[in-house]
Amino acid sequence: MSAASKTSGEATDMRAIPAGFENAHATPDVYREMYAASIADPDTFWGEQGKRLDWIKPYTRVKDTDFTYGKVSIKWYEDGVLNASVNCIDRHLKDRALQTAIIWEPDDPKTPAKHITYRELSRKVNQMANVLLSQGVMRGDRVVIYLPMIPEAAYAMLACARIGAIHSIVFAGFSPDALANRINDSGAKLVITADSAPRGGRRTPLKANTDAALLHCSDKVRCLVVKHTGDQTSWVQGRDVDVLAMMDMVSPECPPRPMNAEDPLFVLYTSGSTGKPKGVVHTTGGYLVYAAMTHQYVFDYKDGDIFWCTADVGWVTGHSYIVYGPLANGATTVMFEGVPTFPDAGRFWEVCEKHKVNQFYTAPTAIRALMGQGPEWVEKYDLSSLRVLGTVGEPINPEAWVWYDKHVGKGKCPIVDTWWQTETGGHMITSLPGAIEGKPGSATLPFFGVKPVILDAATAVRQGETEAEGVLCISDSWPGQMRTVWGDHERFQETYFSQYRGYYFTGDGCRRDKDGYYWITGRVDDVINVSGHRMGTAEVESALVAHAQVAEAAVVGYPHEIKGQGIYAYVTLMNGIEPTEDLRKELVKWVRNEIGPIASPDLIQWAPGLPKTRSGKIMRRILRKIAENDYGALGDTSTLADPSVVDDLIENRMNRA
Ligand code: WTA
């Protein structure tokens, strides 16, 4: 084992598996053998893995997939019939009815935690399913869920799954506008929300946001409200329903709807490089097999373990690793309503101690933020229950990796750096604890069945099998892969299969070192990664230009110490408008209101002009360089219509770090 390295990308910085750590599911040899088998014969491998679920009618076909542009089609277990809620609940009732399924840890540590058993989970989900049926929700209908991190969010997801409705969760930090767009794009019949959402001691008025959103939606959309905080809200008779009161009145039994493996389970909107978020569609069978398998192997989950993923259910990480993966495995999963720094920077570790967490999964941005508060916050707590640590959402810088390893894992817990996407449904490139040696900053090796390839970005030529750098593509399908973009299969093919023919294009850049380890270098499209959340720069731009005083805007990412990337906006004002500090503040507030706090620009530079080519295309490469404070290396600017705008932008740059 080498000493901690400050620089990333050292191929020699291999970390030995912590002494005494034993993986219950895979050793280094088992990983190699299983991986080889999964690639050599996917049908047999995934045919076997599919048996981890309970099927109402077993599948006879396993894989039927085609990545050819123009006829992209992805089907797994296509003639199998199952129900996801049965797999996450009913099948566990025989042996673990009284085991805790969900530990709910509230925002305020003075409020008691809740332990929800599988029996209780079953009752609540069946009741909520009956409420949905009573509201006229049918198989295939879309239900938007706009809830805080409360058990009802999981109940709502599983209740939809039970009756064959398709859920679409909208992160509770999104604005009324963003919510309305998603309700309309998915054609949802009903939205489930709460009075308000406490987070870090503050409250977001979710019901009021929903009221505002519904002004822009069909008046047929109904609204179920979870009375969570008891905050007063307005009430629209005939549209709004007190869901908890209704649940108490309906039967705790609701027969599960038999679903085809390829029936959609959920739609989750995610940012792309164009303005409008895409509805990523995941289906029932393949997604659930993949979520369950990755949860078991990547975290080395064993019966009785307490698993905590700190994500929000509004993101794919919460879907796969708070709800579907853990519950399909009969696990105990922690659901945390709060934030890492409330009431103080010890909260994560206090919760780990209190609930004796065995696997802890979070984002590098949280680690960096806590690292800045000093190790004393970690050292106050007994973390001896921890066995495996994970990260997700963005590359982890080696300093943060080393801190996590030393102060949280005490050198005893393998760290799994999991690279994946909303589109992939589950982990794709990741270490396996005790089976793959780590390297700080590298997501390491592919999961079973995943065939990554690196192509030259410009020529699309496939690079060699070992050391290479370029764009990351995947050459064959895996069961958790998204199937289409909701309502727009054309856009699905265009986005992921048109640029590099025959491959799934991830949008990420990547390097492979001589040991075959993968190092994700970040997005190569106009998507930025802010605190582990994907944000399309085009979305922020359209929010800015919607402001009456803004003529034009260009948004790029720049390195940010805590967030990974920050949002840097170049704004050209309408003729005659004076740039002032007040206007700057107003624009930040404007974007928060249009999209949500995660989209707030960190820096706004007034730009009298933007660098454009003679054909009018904004040269983002130049804007990125200036935002990175790297203006010495602007490259060729001779194709610009007016090269002098660049001097002004450099002169007035905002990031002089
Ligand atoms: C980035 C989150 C490096 C990547 C599950 C990807 C990562 C995007 C990692 C997907 C990681 C995620 N190392 N980069 N371990 N995990 N990313 O859809 O750019 O919200 O394309 O899914 O996050 O973000 P999404």
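As annotated in an unreviewed UniProt entry, the protein is Acetyl-coenzyme A synthetase from Albidovulum denitrificans. For the protein, the Catalytic activity (unreviewed entry) comment in UniProt is given as "acetate + ATP + CoA = acetyl-CoA + AMP + diphosphate". The record in UniProt for the protein states the following under Sequence similarities (unreviewed entry): "Belongs to the ATP-dependent AMP-binding enzyme family."

Asker: Tell me about the sheet that holds strand β21 (residues 452-455), and please be specific about residues and values.
Answerer: Pairing in this open sheet of four strands is antiparallel, and the strands run β21-β22-β24-β25 from one edge to the other. Only two strands of the sheet have a single partner each, and these edge strands are β21 and β25 (518-523). Strand-to-strand twist in this sheet, taken as the mean axis angle between neighbours without regard to direction, amounts to 45°. When strand β22 (residues 468-474) meets strand β24 (residues 504-512), the two strands line up antiparallel, connected through six bridges. Following the sheet pairing, C473 is matched in β24 by F505.

Asker: How would you summarise the UniProt feature "domain: Acetyl-coenzyme A synthetase N-terminal" (unreviewed entry) in the protein if you had to cite specific residues and measurements?
Answerer: Within the UniProt annotation, "domain: Acetyl-coenzyme A synthetase N-terminal" (unreviewed entry) is assigned to residues 31-88. Across residues 31-88 one finds 40% helix and 17% strand; the C-alpha atoms that close the span lie 26 Å apart.

Asker: Outline the site of the ligand, supporting the account with residue identities and numerical values.
Answerer: Near the ligand there are 17 residues, and of these D417, T418, T422, D508 and R534 occur at the shortest range. The side chain of R534 places a nitrogen or oxygen atom 2.8 Å from an oxygen atom of the ligand. Within the complex, 96% of the 530 Å² of free accessible area of the ligand lies under protein. For the shell around the ligand, the secondary structure elements donating two or more residues are α11 (316-328), β20 (415-418) and β25.

Asker: Can you tell me about the environment of E628, naming the residues and giving the values?
Answerer: Mapped onto the elements of the fold, E628 is located in the loop between α19 (620-627) and α20 (644-651). Residue E628 is classed as partly exposed on the basis of its relative accessible area of 34%. C-alpha of E628 to C-alpha of Y568: the two residues are 60 residues apart in sequence and 9.4 Å apart in space. Other than its neighbours up to four places away in sequence, E628 contacts Y558, P559 and N655.

Asker: Can you break down the sheet that holds strand β19 (residues 388-392) residue by residue, with the values?
Answerer: If you walk across this open sheet you meet the seven strands as β5-β4-β17-β16-β18-β19-β20, and the pairing is mixed. In this open sheet, the two edge strands, each paired with only one partner strand, are β5 (114-117) and β20. Along the sheet, successive strands turn relative to each other by an average axial angle of 20°, direction set aside. With four bridges connecting them, strand β4 (residues 100-105) and strand β17 (residues 332-336) associate as parallel partners. By the bridge assignment, W104 is partnered in β17 with M335. Sheet strands in contact with α11 are β4, β16 (306-309), β17, β18 (359-362) and β19, and its direction is about 150° off that of β17. Contacts from helix α15 (residues 398-408) reach β18, β19 and β20 within the one sheet, and its direction differs from that of β19 by about 155°.

Asker: Report on helix α10 (residues 285-298), specifying residues and quantitative values.
Answerer: Spacing of three or four residues puts side chains on the same side of an α-helix, whose turn is 3.6 residues. Under the 1.5 Å per step criterion, the end-to-end length of α10 is 20 Å for 14 residues, consistent within 8% with the ideal 20 Å. Most of α10 sits inside the fold, with 14 of its 14 residues counted as buried. Count one or two residues on from α10 and you reach D300, which has phi positive near 50°.

Asker: Please provide a residue-by-residue account of the packing of aromatic side chains, values included.
Answerer: This model, assessed by the stated rule, comprises 40 aromatic pairs. On the numbers, 5.5 Å between centres and 90° between planes, the contact of W308 with F336 is edge-to-face. Separated by 28 residues along the polypeptide, W308 in strand β16 and F336 in strand β17 bring together distant segments of the chain. The exposure classification of W308 matches that of F336, with both residues buried.

Asker: Which residues make up the UniProt feature "binding site: ATP" (unreviewed entry) in the protein, and what are the values?
Answerer: Per the UniProt record, "binding site: ATP" (unreviewed entry) is annotated on G393, E394, P395, D417, T418, W419, W420, Q421, T422, D508, R523 and R534. By the secondary structure assignment, G393 is in the loop between β19 and α15. Setting aside anything within four residues of it in sequence, one finds G393 in contact with N529 and G532. As for its position among the elements, T418 is in strand β20. Residue T418 is classed as buried on the basis of its relative accessible area, which comes to 2%. Setting aside residues up to four positions removed in sequence, T418 forms contacts with V298, Y361, T391, V392, H427, I429 and T430.

Asker: Now, about the packing of helix α13 (residues 364-371) against α15: what can you tell me, with residues and values included?
Answerer: Pairs of packed helices are described in terms of their axes, by the angle between the two and the distance that separates them. One way to put it is that α13 packs onto α15 with a least axis distance of 10 Å and a crossing angle of 75°. Judged by the angle between their axes, α13 and α15 are roughly perpendicular. Note on element contacts: α15 touches α13 through E399, A400, W403 and Y404, opposite I367, R368, L370 and M371.

Asker: Account for the packing of helix α5 (residues 118-134) against helix α6 (residues 151-163), with residues named and values stated.
Answerer: Contact pair α5 / α6: the axes reach a minimum separation of 8 Å and the direction vectors enclose 60°. Crossing hand, α5 versus α6: right-handed. Along its contact with α5, which presents L121, K124, V125, N126, M128, A129, L132 and L133, the element α6 presents E152, Y155, A156, L158, A159, C160, R162 and I163. Split into classes, the residues belonging to the contact of α5 with α6 amount to 12 nonpolar, one polar and three charged.

Calculation notes
Residues numbered from 1 in each chain as written. Predicted model: local features only at pLDDT ≥ 70, side-chain atom pairs only at ≥ 80, totals over all residues. Heavy atoms only, no water. UniProt positions renumbered as here; feature names shortened; annotations may be inferred. Pairing = 2+ DSSP bridges. Helix = DSSP H or I, 4+ residues; strand = E, 2+ residues; numbered from the N terminus. Axes fitted to C-alpha atoms, helices over the stretch in contact; angles between N-to-C directions. Near = heavy atom within 4 Å. Polar contact = N/O pair within 3.5 Å; in protein donor to acceptor, adjacent residues only side chain to side chain. Areas by Shrake-Rupley, 256 points an atom, 1.4 Å probe, with all protein chains shown as cover. Buried < 20%, exposed > 50% of the residue type's maximum accessible area, 1.4 Å probe, protein only. Contact = heavy atoms within 4.5 Å. Expected span 1.5 Å × (residues − 1). Phe/Tyr/Trp six-rings, centres within 6.5 Å; stacked < 30°, edge-to-face > 60°. Parallel < 35°, antiparallel > 145°, perpendicular 65-115°, else oblique. Left-handed = near helix turned anticlockwise from the far one by under 90°. Nonpolar A, V, L, I, M, F, W, Y, C, P; charged D, E, K, R; others polar.

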